[in-house]
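Read off the chains here:
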Amino acid sequence: MNDWIAVARLDEIPRLGARKIVTDTVEIALFRNSNDQVFAIRDRCPHKGGPLSQGIVYGTSVSCPLHNWRIDLASGEAMGPDQGCVTTYPVKVEQGRIYLSTVVDQTAVGSDAGSR
Amino acid sequence: MIREKLVMVGNGMAGVRAIEELLKLEPEMYRISVFGAEPHPNYNRIMLSPVLAGEKKVDEIILNSREWYAEQGIDLYTGDPVVEIDRINRRVKSASGVSLDYDRLLLATGSNPFIIPVPGAHLPGVIGFRDIQDVEAMLEASRAYSKAVVIGGGLLGLEAANGLMKNGMQVTVVHLMDILMERQLDKPAAELLKASLEANGLRFLMQAQTAAVLGEERVTGVQFADGSSVEADLVVMAVGIRPNMALGQKAGLYCERGIVVNDTMQTYDPRIYAVGECVQHRGNCYGLVAPLFEQARVCANHLARLGYGRYEGSVTSTKLKVTGIDLFSAGMFNEQDEDETLVLQDPAQGVYKKLVIRDNRIKGAVMYGDTLDGSWYFQLMREGTDISGFRNTILFGQHDLGDAGHGDGTRLLSLPDDAEICGCNGVCKGEIVNAITSKGLFTLDEVRAHTKASASCGSCTGLVESLLASTVGEGYSEAPSKKPLCGCTGHSHDEVIGVIRDLKLKSMPAVREVLNWKTPDGCASCRPALNYYLLANWPGEYRDDAQSRFINERAHGNIQKDGTYSVVPRMFGGLCTPGELRAIADVAEKFRVPEIKVTGGQRIDLFGVKKEDLPSVWKDLSAAGFVSGHAYGKALRTVKTCAGKTWCRFGTQNSTGLGVKLETLTWGSWMPHKFKMAVSGCPRNCAEATIKDFGVVCVDSGYELHIGGNGGIKVRITDLLCKVGSEEEVLEYSAAFIQLYREEAHYLERTAPWVERVGLNYIKARLLEDETGRRALYDRFRHSQQFFQDDPWKARAEGAEAHEFTPLQIAGLASNLS
Ligand code: SRM
Ligand SMILES: Cc1cc2nc3c(=O)[nH]c(=O)nc-3n(C[C@H](O)[C@H](O)[C@H](O)COP(=O)(O)OP(=O)(O)OC[C@H]3O[C@@H](n4cnc5c(N)ncnc54)[C@H](O)[C@@H]3O)c2cc1C
Ligand code: SF4
Ligand code: FES
């Protein structure tokens, strides 16, 4: 069962960019790529906690602004030889509005070690 | 979709590399089958020498396991050579009777060791040094017998001799010439090499021509043309290799010394490609992996139907993989009449270095005993760099100018395994060497990806390259004659710059379209580069793309490790007023700035500002008259000044005032990399002008202009450009220099490496000899400054890009999100 919450309009995120969502407990990075796909992941790089929302977005990945780890936005996994994973959250776009779910995909959690 | 059929013959280093490159480009295009004559999957042939010497085991040198082939969906036939190519029906047949059709065929059959056709050459106990089987035969012989003769004092022969000696055999090296490794070494270096190998226990018979191999059932000795002979239980022939083109020849492909291919690696039959040692390209056959890998990349490009790669031949360099011996050679190391040579000889330390120079460019290098700078010389040679500016120190090497963070301890071979090579990421020598051998790495990029060494500030790049060279021999670099801008394209920086200018391309999608970019959005490397090139070429027309800038430039502050930012307002020439200081103090208090520091660039840094606060901080600073200091940007940074004539008893000119004028002229301009200036009032040089990108040293009679300095990772002292008589000239020359750099340097190339790449003479020709050209550069700079001298801080304080600085606040978004 998903509990969708409207968090932003699609046009509030620049294409190939991100916005940070501040909640009571965590910070979430909301990304929009060149095909207007939207992704939500925790705003904390698995390497040393860099703010992923500040990175450069391309394809379906983001490069961390601190040391350039590349994170897959869909799975939250670090790509290439780097290893680590960050929590992803379900999102959907309907009529130009972005909805975020509070029900976290359980398979993706747990591996978000924060830092190594 | 029905896949086309690709058959590859010769399961060795070049062929499999081509397949790997192809799979990166087009994983789905072909159904691939591979035939190999040897019973093994692809292994690192280079490492046979360490295997023989007992430093490695066979299973440690496998590059692609059988599982790899299976995962890629490749049908692998090992121990089964192809014996026939039927070009009419496009079919190959193997020794065991397998028959396969192909749409494309790739030949990579390598080469065979040359066995001198003397009586007895067929006897058991006479072998070449080419594959695992040869090594196994040698190891077996070393257990049963004691005397070995190696015929051939070249690279391969010496590595074989060294290995056999390590296995306890008594080894004699027989060489036809009076110089060892005559294709790589000159006489003095060869003498040093011979002396140290003799000290290790090898024996040499020089100028000895083999006449016969003696023996009945097995070899017992070798006889020479002069009638003398030596005893031998094992004879290794290492006198050269012959491209293995028999299969191609039988199929009627055009062959000379090897299978002839064009610049796309295609043979005379357009369906058949060939790479590796079996190939002859523009008259050359190569026997080292670096050029072969370059061939493989080009071949893959065409197999993937991309159609733009071209192989134009390679310059190669050599290192001998005998532990404890440090030797490097590249290019034409034997001077001809019109050449000059630079030589450094220190017999006591066993060091010899020679550079062959023509027209101030390196043509060749031989080094013995100290080869740390080999990769630097090699790079200067490949790029045809004009060395006139540093000719008098070049033999002392690049490290002589200082390699921050490595001190003196850079003699590589003598370093212990736990010596830290990469100071940024804490990577030790042992870790790097281990990754290179166990993961089969050949390039700097691969080492960076796997170990992180040299992946940050890059100051250890030379050390990592040397480690690569000494670990894998000369095969280490891909010797790219032109390096692609990034993984998204095969085009170099210069090609991209040229196309943007010539075809008047004014947007990123247009560049990617025209140059066939492989990725739709580019990547974190090429987007910032393209954004800069477009901005620099079309001031006022191209609209800056914020999403293609690194966060520092997007947020106009330096991101800190905790995600906050630093704010550095510009202080022109380092001058400030009490009012300005008060304004900074007020801002610091109002926004609770945790730390204030005077920077190395004569201004004040406010550390730890929250991103949300940035626009308000800037608003207050703007109100006090400050503009952004661009301390975060690939842009004009600081202009340092000294006290100068106004106060200092030695000052010759108004250095402070001139610094302010320079900064007023140039602030706000985007550059390929950061750009720093300084003006010193006299040759005491308190503003350190001679390690700046552009430095002015005032003298009584005018102004000395210095360019291309760098005080960072690799200290580089400036070159003197010229002396001028007035402040107006200083301003004009500086702007013209900056504009030339802005238009022609590669993105992320500072002036120091740029000046070294294009040569001081080139810059003098553009700025000093061509007066109209200089004036035009100056005018173009002024034109572009109209658009860039507006303060990004002010704009953002007034609301530009507001989304960048305001997070979305979702109160009450439930706590189960954590
Ligand atoms: C603030 C400052 C240190 C200080 O407190 O003094 C500083 C701070 C940084 N320097 Fe620097 N450099 C500072 C003066 C220097 C100087 C001295 C100078 O300019 O006279 C040098 C050597 C001179 C030179 O550049 O030739 C210097 C050579 C570097 C380098 C190496 C550059 C090189 O080409 O070798 C880097 C790394 C880079 O650029 O890739 C670097 C990078 C950095 C970065 C941006 C690292 C980063 O990427 O985050 C640091 C940002 C810290 C921050 O958050 O603000 N910094 N840095 C100085 C700012 C000066 C200013 O007012 O703008
Ligand atoms: C001991 C040693 C040390 C070396 N050291 C260095 C070094 O330090 N640095 C360096 O750059 N280079 C070095 N080399 C050279 C380097 O190994 C070669 O340049 C490289 O392996 C050539 O690659 P290739 O694919 O063209 O040929 P190979 O790697 O020889 O591969 C060709 C393969 O094709 C197979 N084959 C041939 N005919 C057929 C057929 N009809 N059907 C099926 N298969 C067939 C062969 O059995 C072989 O396995 C060294 C070589 C040796 C032997
Ligand atoms: S300020 Fe400069 S020297 Fe100091 S840690 Fe940062 S990059 Fe290194
Ligand atoms: S914190 Fe993201 S790469 Fe280091």
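**As for the pairing of strand β7 (residues 104-107) of chain B**
Residue and element names in this part refer to chain B. Because side chains alternate across β7, one face comprises the buried residues R104 and L106, and the other comprises L105 and L107, equally buried. Two elements, strand β1 (residues 4-9) and β7, share four bridges in a ladder whose sense is parallel. Residue M8 lies in a different strand from β7, and its bridge partner there is L106. Where β7 lies against strand β19 (residues 272-274), three bridges are found, and the strand directions are parallel.

**Some points on the packing of aromatic side chains**
Residues and elements named next belong to chain B. Applying the stated rule across the entire model yields 15 aromatic pairs over all chains. Relative to W793, the ring of W618 lies with its centre 5.6 Å away and its plane at 5 degrees, an arrangement referred to as stacked. Of this pair, W618 sits in helix α18 (residues 614-623) while W793 is found in helix α24 (residues 792-797), placing the two residues 175 residues apart along the sequence. Summarising the burial analysis for this pair, W618 and W793 share the class buried. Between F675 and Y741 the ring centres are 5.8 Å apart and the planes differ by 40 degrees, which places this aromatic pair in the tilted class. Taken together, the positions of F675 in strand β33 (residues 675-680) and Y741 in helix α20 (residues 727-744) put the pair 66 residues apart, joining distant regions of the chain. As far as the burial class goes, F675 and Y741 line up, both buried. In this structure an aromatic cluster arises from ring pairing among F675, F694, F737, Y741 and W754. Just above the ring of F114 sits the side chain of R242; from NZ or CZ to the centre is 4.1 Å. Cation over ring: R684 sits above F650, and NZ or CZ is 3.6 Å from the ring centre.

**A look at the sheet that holds strand β3 (residues 27-32) of chain A**
The mixed open sheet is built from five strands, whose spatial order is β8(A)-β4(A)-β3(A)-β2(A)-β37(B). Edge positions in the sheet fall to β8 (88-89) of chain A together with β37 (808-809) of chain B, since each has one partner strand and no second. Direction of pairing for strand β4 (residues 38-42) of chain A relative to β8(A): antiparallel, over a ladder of two bridges. Bridged to A:I41 within β8(A) is A:T88.

**Points about the site of ligand 1**
Residue and element names in this part refer to chain B. In the vicinity of ligand 1 there are 22 residues, among which Q560, G600, K674, G711 and R750 approach most closely. Taking N710, its side chain carries an N or O atom lying 3.0 Å from an oxygen atom of ligand 1. Taken together, the elements giving at least two residues each to the shell around ligand 1 come down to β31 (604-609) and β32 (636-641). In the shell around ligand 1, the residues fall into three nonpolar, eleven polar and eight charged.

**Some points on the environment of A:F31**
Residue and element names in this part refer to chain A. Inspection of the secondary structure puts F31 in strand β3. You can call F31 buried: its relative accessible area is 0%. Here the alpha-carbon distance between F31 and I41, two residues ten residues apart in the chain, equals 8.3 Å.

**Digging into the pattern of salt bridges**
All names here are of chain B. This model, assessed by the stated rule, comprises 49 salt bridges over all chains. Linking K24 and E21 is a salt bridge whose minimum nitrogen-to-oxygen distance equals 3.8 Å. Of this pair, K24 and E21 both sit in helix α1 (residues 13-25), three residues apart, which is roughly one turn of that helix. With a relative accessible area of 10%, E21 lands in the buried category. For D186, the salt bridge goes to K354, with nearest N and O atoms at 3.0 Å. Highlighted residues: D186 in the loop between β11 (170-174) and α6 (187-200) and K354 in strand β24 (residues 351-358), separated in sequence by 168 residues. Of the two residues, D186 and K354, neither departs from the other in class, the shared state being buried. A single salt-bridge network, built from bridges that share partners, covers R17, E20, E21, K24 and E446.

**Observations regarding the side chain of B:Q184**
All names here are of chain B. Relative to the elements of secondary structure, Q184 occurs in the loop between β11 and α6. The class of Q184 is buried, set by a relative accessible area of 14%. Leaving out residues up to four positions away in the same chain, Q184 has contacts with T318, S329, F333 and V366.

**Examining the interface of chain A and chain B**
Of the residues lining the interface, 37 residues belong to chain A; the matching set on chain B comes to 37 residues. Between chain A and chain B, the buried area comes to about 2,800 Å², and carbon and sulfur atoms account for 61% of it. At the surface where chain A touches chain B, the tally comes to zero salt bridges. Run the count over chain A and chain B and you get eleven residue pairs in polar contact (both at pLDDT 80 or more). Secondary-structure elements contributing two or more residues to the side of chain A that touches chain B are β1 (4-9), β2 (17-22), β3, β5 (56-58) and β10 (97-101) of chain A. Here the side of chain A that touches chain B is built from residues that sort into 21 nonpolar, ten polar and six charged. The pairing of β2(A) with β37(B) spans two bridges and is classified as parallel. Residue pairing across strands places A:V22 opposite B:Q809, the latter belonging to β37(B).

Conventions adopted
Residues numbered from 1 in each chain as written. Chains lettered and ligands numbered in written order. Predicted model: local features only at pLDDT ≥ 70, side-chain atom pairs only at ≥ 80, totals over all residues. Heavy atoms only, no water. Buried < 20%, exposed > 50% of the residue type's maximum accessible area, 1.4 Å probe, protein only. Helix = DSSP H or I, 4+ residues; strand = E, 2+ residues; numbered from the N terminus. Pairing = 2+ DSSP bridges. Phe/Tyr/Trp six-rings, centres within 6.5 Å; stacked < 30°, edge-to-face > 60°. Lys NZ or Arg CZ within 6 Å of the ring centre and 35° of its normal. Near = heavy atom within 4 Å. Polar contact = N/O pair within 3.5 Å; in protein donor to acceptor, adjacent residues only side chain to side chain. Nonpolar A, V, L, I, M, F, W, Y, C, P; charged D, E, K, R; others polar. Salt bridge = Lys/Arg side-chain N within 4 Å of Asp/Glu carboxyl O. Contact = heavy atoms within 4.5 Å. Buried area = accessible area lost by both parts, 1.4 Å probe.

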